[in-house]
Amino acid sequence: KKEYRYGFQGPDGGYYRSDSRANDDDEGAHSDSTEGHDEDDEIYEGEYQGIPRADSEKADGQLGGAVPAGAQFRDIGEQAGERRKDREELAQQYETILQECGHGRFQWTLYVVLGLALMADGVEIFVVGFVLPSAEKDMCLSEPNKSMLGLIVYLGMMVGAFVWGGLADRIGRRQTLLISLSINSVFAFFSSFVQGYSTFLFCRLLSGVGIGGSIPIVFSYYSEFLAQEKRGEHLSWLCMFWMIGGIYASAMAWAIIPHYGWSFQMGSAYQFHSWRVFVLVCAFPAVSAIAALTTMPESPRFFLENGKHDEAWMILKQVHDTNMRAKGYPERVFSVTTIKTVKPMDELVEMGDEAEAWHKRWRMKMLSLFNQVLYYGLTVWFPDMIKYLQKQEYSSRTKVFIKEKVEHVTFNFTLENQVHRNGEYFNDKFMNLRMKSMVFEDSLFEECYFEDITSSNTFFRNCTFISTLFYNTDLFQYRFINCRLVNSTFLHNKEGCMLDFSDENNAYMIYFVSFLGTLAVLPGNIVSALLMDKIGRLRMLAGSSVISCISCFFLSFGSSESAMIALLCLFGGISIASWSSLDVLTVELTTAFGFLNAMCKLAAVLGISIFTSFVGITKAVPILFASGALAVGSYLALKLPETRGQVLQ
């Protein structure tokens, strides 16, 4: 029988070996993954000989005699130092293995697969905001219900980040990501068909819970296949897929939602309008990510952290062989045959390590919160300001008619953006027409006839109706404010809440603006990816924050629609470098990515609430708030350690 030694060459030319002489003669310690090899094989790759077992070490200690009482309590600082040294050796060992595996086809394939998962997260952020104008009419939503629908996705993502981040450390990155994306896909699919507000809200909540795990898992998962010289650049490239998700959602909304003809209904109970088609299409990235992810392996780092060294070795060998074959070197052999393990340490030492890492996590947490409040607040504030400016411009073109008297006239054309005061209408017919932003005040309608009317933002205030008939209209009770109806009749009123056709052009504009805003981010993303490993994470983060702070000053000059669009594109293109740097730093500095992401979603809700409350009131407060947050973020960035050129701890 042959004896197989194992070890791996470190950066200093030496080998890390497992000191387990007791296991050398123990056949049961051989890896299951090497069973079936015969003695004629020339190379035995990755044969795992076992690691020191607790009972062996305990026996060795007992043979040595009684342990002095004072020696039972070693200096905690000394143990913590040994622990740090051991972790550094393990990190360097893993880095050396990744260097041997190379960077090539495997990492690029995984990049696309995880990019689809990140794209699904970007799409989820935009879905509810795009469908809300149509869904509020389709479901008869009140203002509180609209607000809840707008925030529910962030609440779901916050819960998901808490849940999936911890679960990924227990059952694996790949498995957790598959589960979370599946939940997102299933409930996104259901949400496109359900009719009631409560069930739609519930489906979007669970869809958000599902997608909430994508960001923390995707970045951790991908980073564990990247060597240090590639990590910053390629994690930044991965960020691009979040923006691609925004572009995809904007383009699909622009192409689908305004086409109200893309719908069908079964009676008045079931309606499937174009915005539901959009919700369905937005589930495609998550479904694609699930299909692609089933072909990828689990993170070897996860297996190592859970003592499954054979499984980790097999995956690392797969990475090596895939890359070598793609580069034209299929004959190269994966030389690593063992991986050193972590020594068990006292719980007090673990607590000491946690206390040391707490300060880093606190600074990262505060920096992330400021960025999230700012980014999500401004990204919602920009479109709302554009809508407000559009509304102001539309109102400036309102035509006002006073004390007009109209008799025996048939109106069969669109009435839009008019105010009629103290008018008198006798024996007039309003037939087959649309009323858009029409207001009648203190007017008299006598023996008039309304038939097949579709209205939006139309109201009658302090009006009197005498012997008037309403047939097949959507002029419901809430459109008549302090009105008096005498001998008037409503027949065959349209049921439910009708879709609002008055904002077709505005809908196109909002989707187009969102499309431009996300598209403008891509150049900044490309630049940050190319420079991330050249100038460092901290310089990128601090520099981007300072320039973004300066750009906020120009928001005060955004007094027109075109100016706000230009400023939106400028801010997005600059601030993306902060996001890329922050994502890379979070992966490299802390293991609490899931918790941080959950807190960031809470900050997003706070930012949206703060910024939208000032729309139409003042621009000074949002500008000052944004500038202050960026200034604080720049200061906190300088307090973080630089991670460029360091191995992944």
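Attention in this report is confined to the structure presented alongside it. (Residues numbered from 1 in each chain as written. Predicted model: local features only at pLDDT ≥ 70, side-chain atom pairs only at ≥ 80, totals over all residues. Heavy atoms only, no water.)

**A short note on the overall build of the chain**
When its secondary structure is counted, the chain shows 20 helices and 18 strands. Evaluated residue by residue, the chain yields a buried proportion of 51% over its 649 residues. Only carbon and sulfur atoms are counted for the fraction: they give 58% of the accessible area of the chain, which is about 29,600 Å². (Helix = DSSP H or I, 4+ residues; strand = E, 2+ residues; numbered from the N terminus. Buried < 20%, exposed > 50% of the residue type's maximum accessible area, 1.4 Å probe, protein only. Areas by Shrake-Rupley, 256 points an atom, 1.4 Å probe, with all protein chains shown as cover.)

**Describing the packing of aromatic side chains**
Tallying each qualifying case throughout the model produces 34 aromatic pairs. Seen from their ring centres, Trp 313 and Phe 334 are 6.0 Å apart, and the 40° between their planes marks the pair as tilted. With Trp 313 in helix H13 (residues 309–326) and Phe 334 in the loop between H13 and helix H14 (347–395), this pair connects stretches of sequence that are 21 residues apart. Note on Trp 313: relative accessible area 5%, which makes it buried. A ring pair is formed by Phe 460 and Phe 465, whose centres lie 5.5 Å apart and whose planes are at 75°; its orientation type is edge-to-face. Comparing Phe 460 with Phe 465, the two get one shared label, buried. An aromatic cluster of at least three residues, connected via ring pairs, comprises Phe 411, Phe 413, Tyr 425, Phe 430, Phe 440, Phe 445, Phe 450, Phe 460, Phe 465, Phe 470, Phe 480 and Phe 490. (Phe/Tyr/Trp six-rings, centres within 6.5 Å; stacked < 30°, edge-to-face > 60°.)

**Observations regarding the pairing of strand E10 (residues 429–441)**
A regular strand carries its side chains on alternate faces of the sheet. For strand E7 (residues 410–411) and E10, the ladder comprises two bridges, and the chain directions are parallel. If you follow Thr 410 over to E10, its bridge partner there is Lys 429. With six bridges joining them, strand E8 (residues 415–421) and E10 adopt parallel strand pairing. In the strand pairing of E10, Leu 415 is matched with Met 435. Relative to strand E12 (residues 449–456), E10 runs parallel, the two being bridged by seven bridges. Residue pairing for E12: Lys 436 is matched across the bridge by Ser 456. (Pairing = 2+ DSSP bridges.)

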